[in-house]
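Topology and contacts: notes
Listed below, chain by chain, are the residues.
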Amino acid sequence: MNSHFNPLSFPKLEKYVNDFSSILSEEDQRTLNEALSEHEKITTEQVVVVLFPHREGHELIDIGLKLFNENGIGQKWKNNWLLLLISTQEKKIRIITGKGMELKYSEMRCRDIIENRLRPLLDVEKYNELITAFTQILISTKNT
């Protein structure tokens, strides 16, 4: 792992799942990318996952907003995007939503998803299972 990774200068994101911690297998990444691509085709919601080693003292919200602004995540006129950030060495996690998603994924709902569904998997470093669980939550709430 690169101990000098700067979380404020990511390369351009080109996939739904971006593993800068080099934790996920190629197969896992392919499967997760396909699931999130399918989710976007069905709902138009763009969901991006970014795993990286360490926040280097920065807040996840600041890292996420910079990623959003630099990569143009989501459809501009709908603002329908979700960003799942995972700092793997620190075991920090955050969901950031576009304005168009705030009714469906309120701050309270996101906190509930993290604490009750994702954090237990994060704590035992089951990253593929965590992202799969997150994807399943998204798919199960696509019509709500």
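The preceding data block contains the structure.
None of these values were measured; they are calculated from a predicted model.

1. Observations concerning the environment of Asp19
- With respect to the helices and strands, Asp19 occurs in strand β1 (residues 17-19).
- Given the relative accessible area of 13%, Asp19 is considered buried.
- Not counting residues up to four positions away in its chain, the partners in contact with Asp19 are Leu24, Gln29 and Leu51.
- Looking at Asp19, its side chain comes within polar contact range of the main-chain nitrogen of Ser21, at 3.1 Å.
- Looking at Asp19, its side chain comes within polar contact range of the main-chain nitrogen of Ile23, at 2.7 Å.

2. Structural notes on helix α1 (residues 26-43)
- Here α1 contains 18 residues, and its C-alpha end-to-end distance of 26 Å stays within 8% of the 26 Å for a straight helix at 1.5 Å per residue.
- Among the residues of α1, those classed as buried are Gln29, Leu32, Asn33, Leu36, Ser37, His39, Glu40 and Thr43. All buried residues of α1 fall inside an arc of 155° around its axis, so they share one side. Residues of α1 that are exposed and angled more than 90 degrees away from the buried face: Glu34, Lys41 and Ile42.
- Packing partners of the buried residues in α1 comprise β1, β2 (46-52) and α4 (127-140).
- With its phi angle positive at about 70°, Thr44 sits one or two positions after the end of α1.

Calculation criteria
- Residues numbered from 1 in each chain as written.
- Predicted model: local features only at pLDDT ≥ 70, side-chain atom pairs only at ≥ 80, totals over all residues.
- Heavy atoms only, no water.
- Helix = DSSP H or I, 4+ residues; strand = E, 2+ residues; numbered from the N terminus.
- Buried < 20%, exposed > 50% of the residue type's maximum accessible area, 1.4 Å probe, protein only.
- Contact = heavy atoms within 4.5 Å.
- Polar contact = N/O pair within 3.5 Å; in protein donor to acceptor, adjacent residues only side chain to side chain.
- Expected span 1.5 Å × (residues − 1).
- Arc of directions from axis to C-beta.

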